[in-house]
Amino acid sequence: MSGVADELHQAVAGVLQEHGYGMTSRLVFVVELVDDDGELGLMRGSSPWDMPTWSELGLHQYAIADIQAAVTAARQVGGDDEGSE
């Protein structure tokens, strides 16, 4: 898994830098996969590969809180809370 995580980190960091977002220090990801038979699977990981589990969990929770805040704000102003940012 560490090879996949490292390659994803490099790819995401490159794209973000091209768009002026700065340096990517850590990365957590959740990917829904579909196999040839149409079965769903889930892959999650982090980079660096030796990131402690609690740090990985903390980054996921931070992202969830950010999404929840955006949905709440959209609902407060009567906007569409199902759209993306």
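Residues numbered from 1 in each chain as written. Predicted model: local features only at pLDDT ≥ 70, side-chain atom pairs only at ≥ 80, totals over all residues. Heavy atoms only, no water.

Caption draft 1: Up close: helix α2 (residues 53–76). With 24 residues, α2 ought to run about 34 Å at 1.5 Å a step, and its terminal C-alpha atoms sit 35 Å apart, in line with that. What α2 keeps buried is the set Glu-56, His-60, Val-71 and Ala-74. Lining the buried residues of α2 we find β1 (27–34) and β2 (40–47). Gly-78 lies just past α2 and shows a positive phi near 75°. (Helix = DSSP H or I, 4+ residues; strand = E, 2+ residues; numbered from the N terminus. Expected span 1.5 Å × (residues − 1). Buried < 20%, exposed > 50% of the residue type's maximum accessible area, 1.4 Å probe, protein only. Contact = heavy atoms within 4.5 Å.)

Caption draft 2: Molecular detail of the layout of surface pockets. Space inside the largest pocket adds up to approximately 240 Å³. If you go around the largest pocket, the residues you meet are Val-12, Leu-16, Thr-24, Ser-25, Arg-26, Leu-27, Val-28, Leu-59, Tyr-62, Ala-63, Asp-66 and Ile-67. Breaking the lining of the largest pocket down by element, the ones donating at least two residues are α1 (2–18), β1 and α2. Here the element with the most residues in the lining of the largest pocket is α2; it accounts for five residues. Classifying every residue of the lining of the largest pocket gives eight nonpolar, two polar and two charged. (1 Å grid on protein atoms, 1.4 Å probe; cavity = no way out; pocket = protein on both sides within 12 Å on 5 of 7 lines; lining within 4 Å. Points joined across faces, edges and corners; volume = space filled by probe spheres on them. Nonpolar A, V, L, I, M, F, W, Y, C, P; charged D, E, K, R; others polar.)

Caption draft 3: The arrangement of the confidence of the model for the chain in detail. Looking at the chain, the pLDDT average stands at 89 and 92% of residues meet or exceed 70. By mean pLDDT, α1 is the weakest element of the chain at 90, and α2 is the strongest at 94. (pLDDT = per-residue confidence, 0-100.)

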